[in-house]
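Given next are the chains, with one letter for each unit.
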Amino acid sequence: MKALVLSGGAGTRLRPITHTSAKQLVPVANKPVLFYGLESIAAAGITEVGMIVGDTAAEIEEAVGDGSKFGLQVTYIPQERPLGLAHAVLIAREFLGDDDFVMYLGDNFIVGGIAALVDGFRAHRPDAQILLTHVPDPRAFGVAELDAAGQVIGLEEKPETPKSDLALVGVYLFTPVIHDAVRAIAPSWRGELEITHAIQHLIDARADVRSTVIRGYWKDTGNVTDMLEVNRTVLETVAHRIDGEVDERCELVGRVVVEEGARIVNSRIVGPVIIGSGTVVEDSYVGPFTSVAENCRVTDSELEFSIVLRDSSIRGVGRIESSLIGRHVEVTPTTGMPAAHRLVLGDHSKVQIRS
């Protein structure tokens, strides 16, 4: 069995972060979200991975390499532009051959991994298996309709009027019959080859399409709110570990990780928190569910329920919470009169300021 991991896409909902960085590499608890998926694939006993890459191919390849650090063999498959999930299957035909495969969206996060799902698929081997979960607003997802017996009878992509609240999770399992289906469908109104249309083609042909409704935790980390929520979930699992320097004036409460090379000076850290290597936190408070990446500086500030990417500095700005701060960012107070906010913001930025 092989894996097809989708790591292209523009990441528009995470702009401006993704103007300069692949959305799959935005870190959760200081580790790229893509890495959690690759680790899940390896834990399921799969070793051969085809990775669909787009405009951010160089960054993805630099981060993942040949896959050996995950126990995988990675083959990169370029996609000239995002033309749909079924298009990704289409262009991966040579890599996939006649093997069964799992298709995994690289910005999705599933607590507990996919090993049990893969084992079940190997044992029963339906033509296709999809994962579903109940969501409050299914209009942003592919949506499944089930009959009274729980059989999949219909799929729709981002419907205006959903027939259920069951959204497709970004993990799919297929036998080679899917290749005929992706060749048989036409582009949708979005100009994309939709995987929901390909699976519907299988349903219409009376293929064996099964579904599993997952009760555990799943997130599509495509926006800031979900990124912060996934970060919170992962941080709840960390164990207290101090490999860096913490001076005697500090107070550390709960599960706090201070990586080697980090320094905490005269500060209060309330976990779960992770502080990356080379980062200095001084005269500050860092509160629960916060991850600060490597080589950052937090001075005379308060930070809570936030993600700070590498090489950024936060100095003397009071309290920051529920925030995603990118790489090489400087956050500082204004000086002088009149009292005003001075902003340099990229496209699609969102700022909330207390008036």
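Residues numbered from 1 in each chain as written. Predicted model: local features only at pLDDT ≥ 70, side-chain atom pairs only at ≥ 80, totals over all residues. Heavy atoms only, no water.

A. Region of interest: the overall build of the protein chain. Regarding its fold elements, the protein chain presents 8 helices and 28 strands. A total of 355 residues make up the protein chain; the buried ones form 50% of that total. Of all intrachain contacts in the protein chain linking residues separated by at least 6 positions in sequence, the fraction that spans at least 24 positions is 50%. Carbon and sulfur atoms provide 47% of the accessible area of the protein chain, an area that totals close to 16,800 Å². (Helix = DSSP H or I, 4+ residues; strand = E, 2+ residues; numbered from the N terminus. Buried < 20%, exposed > 50% of the residue type's maximum accessible area, 1.4 Å probe, protein only. Contact = heavy atoms within 4.5 Å. Areas by Shrake-Rupley, 256 points an atom, 1.4 Å probe, with all protein chains shown as cover.)

B. Just the sheet that holds strand 20 (residues 273-275), in detail. Ordered by their spatial adjacency, 6 strands build an open sheet running 14-17-20-23-25-27, and the pairing between neighbours is parallel. Of all the strands in the sheet, the pair left with one neighbour each is strand 14 (241-242) and strand 27 (324-325). Looking at chain direction, strand 17 (residues 256-258) and strand 20 are connected through 3 bridges and run parallel. If you follow V258 over to strand 20, its bridge partner there is I275. Packed on one face of the sheet, helix 8 (residues 224-235) meets strand 20, strand 23 (290-292), strand 25 (307-308) and strand 27 and runs near 95° to strand 23. (Pairing = 2+ DSSP bridges. Axes fitted to C-alpha atoms, helices over the stretch in contact; angles between N-to-C directions.)

C. Broad picture of the pairing of strand 4 (residues 48-53). With 5 of 6 residues buried, strand 4 lies mostly within the body of the structure. Alignment of strand 4 against strand 5 (residues 73-78), held across 6 bridges, turns out to be parallel. The partner of E48 across the bridge, within strand 5, is Q73. For the crossover that starts at strand 4, traverses helix 2 (residues 57-64) and ends in the parallel strand 5, the hand is right-handed. (Right-handed = clockwise from strand over helix to strand, strands pointing away.)

D. The packing of aromatic side chains, seen in detail. Across all of its chains, the model carries 4 aromatic pairs by this definition. Summarising the aromatic geometry, the rings of F35 and F70 are spaced 5.0 Å apart at their centres and angled 70° between planes, so their arrangement reads as edge-to-face. Taken together, the positions of F35 in helix 1 (residues 33-43) and F70 in the loop between helix 2 and strand 5 put the pair 35 residues apart, joining distant regions of the chain. Each of the two residues, F35 as well as F70, counts as buried. Between Y172 and F174, the aromatic rings sit 6.1 Å apart at their centres with planes inclined by 10°, giving stacked as the arrangement. Grouping residues by exposure puts Y172 and F174 together as buried. Aromatic rings pair up to connect F101, Y172 and F174 into one cluster. For K2, the ring lying beneath its charged end belongs to F95, and the centroid distance is 4.9 Å. Here the basic side chain of R232 rests over the ring of F289, its NZ or CZ set 6.0 Å away from the ring centre. (Phe/Tyr/Trp six-rings, centres within 6.5 Å; stacked < 30°, edge-to-face > 60°. Lys NZ or Arg CZ within 6 Å of the ring centre and 35° of its normal.)

E. Molecular detail of the packing of helix 1 against helix 2. Running from amino to carboxyl end, helix 1 crosses helix 2 at an angle of 55°, the nearest separation of the two axes being 11 Å. The orientation of helix 1 relative to helix 2 falls into the category oblique. The handedness of the crossing between helix 1 and helix 2 comes out as right-handed. On helix 2, the residues touching L34, F35 and L38 of helix 1 are I60, A63 and V64. (Parallel < 35°, antiparallel > 145°, perpendicular 65-115°, else oblique. Left-handed = near helix turned anticlockwise from the far one by under 90°.)

F. Summary view of the pairing of strand 6 (residues 101-105). A large share of strand 6 lies buried, amounting to 5 of its 5 residues. Alignment of strand 1 (residues 2-6) against strand 6, held across 5 bridges, turns out to be parallel. When the sheet's bridge partners are listed, V5 is paired in strand 6 with Y104. Summarising the sheet, strand 6 and strand 11 (residues 166-174) pair through 4 bridges and their orientation is antiparallel. The residue of strand 11 that forms the bridge with F101 is F174.

G. Summary view of helix 1. With respect to burial, helix 1 is a largely interior element, 8 of its 11 residues being buried. Where helix 1 ends, the next residue or the one after it, G45, has phi of about 85°, a positive value.

H. Molecular detail of the environment of E145. Locating E145 in the fold gives a position in strand 9 (residues 142-146). Residue classification places E145 among the partly exposed residues on the basis of a relative accessible area of 27%. Separated by 22 residues in the primary sequence, E145 and A167 have C-alpha atoms spaced 9.5 Å apart. When residues no more than four places from it in sequence are discounted, the contact partners of E145 are Q151, V152, I153, G154 and K163.

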